[in-house]
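This is what each chain is made of:
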Amino acid sequence: MSSLIASSSEQPRVNLLGLTLAQMEAFFENLGEKKFRAQQVLKWIHHQGETDIAAMTNLGKALREKLLQIAEVRPPEIVSQHDSTDGTRKWAIRVEGGGLVESVLIPDGNRATLCVSSQVGCSLDCSFCSTGKQGFQRDLSAAEIIGQVWLAIKSYDAFQSGNGRIVTNVVMMGMGEPLLNFDNVVSAMNLMMEDLAYGISKRRVTLSTSGVVPALDKLAQVSEVSLAISLHAPNDALRSELVPINRKYPIAMLLESASRYIDAQSDKKRVVTIEYTLIAGVNDQPDQARELAQLLRDFPCKINLIPFNPFDQSDYRRPSGNAVSRFWQVLVDAGYIVTVRTTRGDDIDAACGQLVGQVVDRTGRSERYRNASALSASEVR
Ligand code: SAH
Ligand code: SF4
């Protein structure tokens, strides 16, 4: 942990926003301070929303002065914020060194689900995803990932409101492949679930992956978050076209790994969410629904159908409502629990994997960016 301690003259300050409880404790121990300081600082940052170390009054003056030399609490910068008429709120966030990512909060009855990004761009190049078209730029730090939760709560001025939680659920379904930014994503998810930070239950934090099998096996050793698998096809031939990483880790391997993940959980009742983006004429035929039903027959899952969200550089089309219903019916008749993701935030381009958008910031400057894949709130038909 000594690398976390920066000398003010040589190294950048440590951003305390991204440190888990264990990391924060190690940080204070390395400073020769008591471990319980970590709990105090976590509460200041994640319960109170405090970024000013000088205002953390229970730390004592000498410690605050020491911290001011070597540490900071630095959330990422909001470039723009948009509210949809349906209550969805979307942020474009600038991360250090340039690059924009997006997060979206989707209220739905008593819940509000925040869709969080894990990378700037993505290297996996799925054929239907605008983030993939952008290529990979870089991993987000743990501070930039948990910072999206922090900013969402801050934007409602709700750190001290006591009016219930603004963010009740988190889905790692924004830009990027979370399992390719393993350590930072795991740290950020730990903070989401940590009582001294956001205290969201493990069932309400969901990691979505296109199937990085070795990393998924590793996740089973360290995390109990809910799992969503981006399947999108009922066989390897089609899946390899849509989700190129399937050539390396084909469907059988992926489902076995996901089963191992579920088996490793202490709560034996959990199931995997299978995400299936429906693309007109590509993977939305009733025969393909039957093949999917057959493929998943022994797999503990529920299925979430996502009608494709079109974007500029894609020739794919969204299926008709009838085609979605037909696909859904086949799966329901086969005994599956199937939800269809409703498009939310349409008026602010907040839908899944949607286009290259136009961000206009408060000063009126605009810049091109890729929209994150977003939505999470699904609706049972
Ligand atoms: N990389 C991870 C998480 C981000 S993508 C993954 O692939 O799972 C989150 C979800 O949005 C995935 O299920 C993805 O397939 C879906 N998605 C991406 N682009 C989409 C689009 N244009 N229309 C509908 N869903 C899309
Ligand atoms: Fe990456 Fe997920 Fe988009 Fe595929 S769907 S390119 S894995 S963000």
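For clarity, every value in this text was computed on a predicted model and none was experimentally measured.

A.B. asks: An account of the overall build of the protein is needed here, citing residue identities and associated values.
C.D. replies: Summing up its helical and strand segments, the protein has 11 helices and 17 strands in all. Going through the 381 residues of the protein one by one, you find that 57% of them count as buried. Across the protein, contacts joining residues at least 24 apart in sequence account for 64% of those joining residues at least 6 apart. On the protein, roughly 15,900 Å² of surface is accessible, and the fraction owed to carbon and sulfur atoms is 47%.

A.B. asks: Which residues make up the side chain of Asn246, and what values go with them?
C.D. replies: Among the structural elements, Asn246 can be located in the loop between helix H8 (236–242) and helix H9 (251–263). Polar contacts involving the side chain of Asn246 include one to the side chain of Ser240, which spans 3.0 Å. One polar contact links the side chain of Asn246 to the main-chain amide nitrogen of Ile251, over a distance of 3.3 Å. When near neighbours in sequence (up to four residues on either side) are disregarded, Asn246 contacts Asp236, Arg239, Ser240 and Ile251.

A.B. asks: Describe the site of ligand 1, and please don't skip the residues or the numbers.
C.D. replies: Lining the immediate environment of ligand 1, one finds 21 residues, of which Phe128, Gly176, Ser208, Ser230 and His232 sit closest. Between ligand 1 and Ser230 there is a distance of 2.6 Å, counted from an oxygen atom to a side-chain nitrogen or oxygen. Residue Asn309 places a main-chain N or O atom 2.9 Å away from a nitrogen atom belonging to ligand 1. For the shell around ligand 1, the class distribution of residues is 8 nonpolar, 11 polar and 2 charged.

A.B. asks: Go over the nonpolar core, please, and point to the residues and values.
C.D. replies: Ranked by size, the top nonpolar core spans 110 residues in total, and within it Leu16, Phe27, Met192, Leu219, Ile274, Leu296 and Leu305 carry the most contacts. For Leu16, the residues in contact, after removing those within four places along its chain, are Met24, Phe27, Val41, Ile45, Ile53, Ala71, Glu72 and Val73. Within the second largest apolar cluster, 6 residues are counted, among which are Val104, Ile106, Cys115 and Met173.

A.B. asks: How would you explain unusual backbone geometry if you had to name every residue and give the values?
C.D. replies: Even without a glycine there, the phi angle at Asp125 is positive, about 55°. Within the secondary structure, Asp125 sits in the loop between strand S7 (119–121) and helix H4 (130–133). Phi angles above zero are rare outside glycine, and His232 is one such case at about 70°. On the basis of relative accessible area, His232 is assigned to the buried category, the value being 4%.

A.B. asks: Any details on the site of ligand 2? Residues and values, ideally.
C.D. replies: Neighbouring residues of ligand 2: Cys122, Leu124, Asp125, Cys126, Cys129, Gly132, Gly176, Glu177 and Ser210. Classifying every residue of the shell around ligand 2 gives 4 nonpolar, 3 polar and 2 charged.

A.B. asks: Could you give me a rundown of helix H1 (residues 21–30), with the residues and numbers involved?
C.D. replies: Two residues of an α-helix separated by three or four positions point the same way, owing to the 3.6 residues in each turn. Along H1, the residues that are buried comprise Met24, Glu25, Ala26, Phe27 and Phe28. Packing partners of the buried residues in H1 comprise strand S1 (14–15), helix H2 (36–47), helix H3 (61–70) and strand S2 (71–72). Taken from the residues just after H1, Gly32 is the one with a positive phi, measuring 80°.

A.B. asks: Account for the confidence of the model for the protein, with residues named and values stated.
C.D. replies: Keep in mind that low pLDDT regions are not for reading the predicted coordinates in detail. With 87% of its residues at a pLDDT of at least 70, the protein reaches an overall mean of 88. Contacts for the low-pLDDT stretch residues 352–381, under 50 throughout, to residues beyond four places or in other chains number 125 contacts.

A.B. asks: Now, about H2: what can you tell me, with residues and values included?
C.D. replies: Between the first and last C-alpha of H2 there are 16 Å, a value that for 12 residues agrees with the 16 Å anticipated at 1.5 Å per step. Taken together, the buried positions of H2 are occupied by Arg37, Ala38, Gln40, Val41, Leu42, Trp44, Ile45 and His46. Looking at the buried positions of H2, the neighbouring elements they touch are H1, H3, helix H5 (142–155) and helix H6 (182–193). Within two residues after H2, Gly49 carries a phi angle of roughly 75°, on the positive side.

A.B. asks: Before we move on, can you summarise the packing of aromatic side chains with the specific residues and values?
C.D. replies: Scanning the model with the defined rule gives 5 aromatic pairs in all. Ring geometry for Trp150 against Phe159: centres 5.4 Å apart, planes inclined by 45°, an arrangement best described as tilted. For the pair Trp150 and Phe159, a shared accessibility class is recorded, and that class is buried. An angle of 35° between the planes, with centres 5.0 Å apart, marks the rings of Tyr276 and Phe327 as tilted. In this pair, Tyr276 is assigned in strand S12 (residues 272–278) and Phe327 in helix H11 (residues 321–333), connecting sequence segments 51 residues apart.

Rules of the game
- Residues numbered from 1 in each chain as written.
- Chains lettered and ligands numbered in written order.
- Predicted model: local features only at pLDDT ≥ 70, side-chain atom pairs only at ≥ 80, totals over all residues.
- Heavy atoms only, no water.
- Helix = DSSP H or I, 4+ residues; strand = E, 2+ residues; numbered from the N terminus.
- Buried < 20%, exposed > 50% of the residue type's maximum accessible area, 1.4 Å probe, protein only.
- Contact = heavy atoms within 4.5 Å.
- Areas by Shrake-Rupley, 256 points an atom, 1.4 Å probe, with all protein chains shown as cover.
- Polar contact = N/O pair within 3.5 Å; in protein donor to acceptor, adjacent residues only side chain to side chain.
- Near = heavy atom within 4 Å.
- Nonpolar A, V, L, I, M, F, W, Y, C, P; charged D, E, K, R; others polar.
- Core = buried A, V, L, I, M, F, W, Y, C linked by side-chain atoms within 4.5 Å.
- pLDDT = per-residue confidence, 0-100.
- Expected span 1.5 Å × (residues − 1).
- Phe/Tyr/Trp six-rings, centres within 6.5 Å; stacked < 30°, edge-to-face > 60°.

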